[in-house]
Each structure stands twice: as C-alpha cells, then as structure tokens.
Amino acid sequence: MSTDSMRQSASKSRYDDDRSHTDAWTYCLQLGLFAGVLWGGLRWILYSIHFTIVLPGFLAEPFMRHSFLKTAWGQVAGIAAFILFSIVAVILYRAILGRFKGPYAGLIYGAVWWWILFLGIGPAMDMMLPVTKLGWNSVLTEFCVFLLWGLFIGYSYAFEFTDEASREPYRQH
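Treat the numbers as computed from the prediction; the structure is a model and nothing was measured.

A. A look at the packing of helix 5 (residues 104-124) against helix 7 (residues 136-161). Contact geometry of helix 5 with helix 7 gives a least axis separation of 7 Å together with a crossing angle of 135 degrees. Between helix 5 and helix 7, the angle falls in the class oblique. As helix 5 runs across helix 7, the sense of the crossing is right-handed. For the pair formed by helix 5 and helix 7, the contact residues are G106, L107, G110, A111, W113, W114, L117 and F118 on the first element and V139, E142, F143, F146, L147, W149, G150, L151 and G154 on the second. A breakdown of the residues in the contact of helix 5 with helix 7 according to their chemical character gives twelve nonpolar, four polar and one charged.

Structure follows, in structure tokens:
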C-alpha cells in the first residue's frame, strides 16, 4: 500500500469515526434563531439611528396595530416576528438551495426575499410604504441587510453540511 493511500484511508477513517453528524432540523432551528436575533437586532439599530424608516416589526404589521409596533414592546414583538420568519426561511433554504456550496446562493436568497417583501407582498399588505416612497436610505439599507442576512444563512448552512475538512491532507503530529 502506498504512502498516499495510507494517508487517505487514515484521513477517511479519522473523519468517519470521530465526527458526529449534525441534525439538519435542529441546525435549521438554531441557525434561524441566530439569524433572526443578529439581523433583526441590526435592523432595530438601523431603525433607531434613522438609516431606515421601515419598522423593525414590519413582518407583524398584518397581525398587530401599527401604533403598537412603534412602542418598545412592539419592537420586541417585531424582532420576535423576524426570528420566526428567519427560522421558516432557513427551513425553506434547506429544502430549495441546501445542496449549493459557497456564498452565492445565500446572497441570491436574501435578494429574492427582499424583492418578495419590499416589492411584492409588503406594500400590498400595508406592511410598509412602496419602494418609490421609502427613500434611498431605507431601500439601500434594507436591501443590504437582507443580502447579509441571506449570506449568513446560506454560507452557514453550506459550511456546516459541506465536508471541506475531509479534503485536507491528514497530518500526524
């Protein structure tokens, strides 16, 4: 047996024996929770410093009064709605784009969600003003946040379920 084949078999057995497999559903719930907290919190900060006029709780707009969503508890409810939305979005990402590697699928996913929410159902359901009335600051801020949110979801999922470490050469110390 050659030295290279011994290294490959040692590397393969090391990863097969020592590595526990991640449960995809649990990981989706965790990733959605963290994506919602992180990017929902960032949206709240950007709203607080007037980078955007879109309420942090815009996703809860069809279910709660607009005046409530402007209060502190309304903003907390809005971040909670964004967390739930992120969990559902990660599960959809797994079903639709889970096989793709790298960051590009996540970037496209975030852009598609921005398009759906800000150009589609958002203005139609009075969740926010139409894009033409939001202003450039709000449009660009929200678009960038959704790109980064999608990148976070897509790249985190791809990194967890793509076995890049197994392609590294095995080194004994």
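B. View of the packing of aromatic side chains. Tallied over the full model, the rule gives 16 aromatic pairs. Between the aromatic rings of F85 and W149, the centroid separation amounts to 5.3 Å while the plane-to-plane angle is 10 degrees, which identifies the pairing as stacked. Taken together, the positions of F85 in helix 4 (residues 72-97) and W149 in helix 7 put the pair 64 residues apart, joining distant regions of the chain. The buried category is assigned to F85, whose relative accessible area is 13%. Taking relative accessible area as the criterion, W149 reaches 0% and is therefore assigned buried. Here Y109 and W113 contribute two aromatic rings whose centre-to-centre distance is 6.3 Å and whose plane-to-plane angle is 90 degrees, an arrangement assigned as edge-to-face. Here Y109 pairs with W113, and both are found in helix 5, just four residues apart, close to one helical turn. A relative accessible area of 7% places Y109 in the buried class. Sitting over the face of the ring of W25, R94 holds its NZ or CZ atom 4.5 Å from the ring centroid.

C. Main features of the pattern of salt bridges. Taken as a whole and judged by the stated rule, the model has one salt bridge. One salt bridge connects R43 with E142, and the closest N-O pair in it is separated by 2.9 Å. On the criterion of sequence distance, the pair formed by R43 in helix 2 (residues 24-48) and E142 in helix 7 is long-range, its members being 99 residues apart.

D. Up close: a nonpolar patch on the surface. A cluster of nonpolar side chains, contributed by F63, M64, F68, W73 and V76, occupies part of the molecular surface with about 600 Å² of accessible area. Note on placement: V76 falls in helix 4. Judged by relative accessible area, V76 falls into the partly exposed class, the value being 46%.

E. Up close: helix 5. With 21 residues, helix 5 should cover 30 Å at 1.5 Å per step; its first-to-last C-alpha distance of 29 Å lies within 8% of that length. Of all the positions in helix 5, only A105, G106, Y109, G110, W113, W114, L117, F118 and G122 are classed as buried.

F. Molecular detail of the packing of helix 4 against helix 5. One way to put it is that helix 4 packs onto helix 5 with a least axis distance of 12 Å and a crossing angle of 125 degrees. Between helix 4 and helix 5, the angle falls in the class oblique. Here helix 4 runs over helix 5; the crossing is right-handed. Each of F85, A89, L92, Y93 and L97 in helix 4 lies in contact with helix 5, whose residues at this interface are A105, G106, Y109, W113 and L117. For the contact of helix 4 with helix 5, the class distribution of residues is nine nonpolar, one polar and no charged.

Rules used in this analysis
Residues numbered from 1 in each chain as written. Predicted model: local features only at pLDDT ≥ 70, side-chain atom pairs only at ≥ 80, totals over all residues. Heavy atoms only, no water. Axes fitted to C-alpha atoms, helices over the stretch in contact; angles between N-to-C directions. Helix = DSSP H or I, 4+ residues; strand = E, 2+ residues; numbered from the N terminus. Parallel < 35°, antiparallel > 145°, perpendicular 65-115°, else oblique. Left-handed = near helix turned anticlockwise from the far one by under 90°. Contact = heavy atoms within 4.5 Å. Nonpolar A, V, L, I, M, F, W, Y, C, P; charged D, E, K, R; others polar. Phe/Tyr/Trp six-rings, centres within 6.5 Å; stacked < 30°, edge-to-face > 60°. Buried < 20%, exposed > 50% of the residue type's maximum accessible area, 1.4 Å probe, protein only. Lys NZ or Arg CZ within 6 Å of the ring centre and 35° of its normal. Salt bridge = Lys/Arg side-chain N within 4 Å of Asp/Glu carboxyl O. Patch = residues over 30% accessible without salt bridge, like charges linked within 9 Å, V, L, I, M, F, W, Y side chains within 5 Å. Areas by Shrake-Rupley, 256 points an atom, 1.4 Å probe, with all protein chains shown as cover. Expected span 1.5 Å × (residues − 1).

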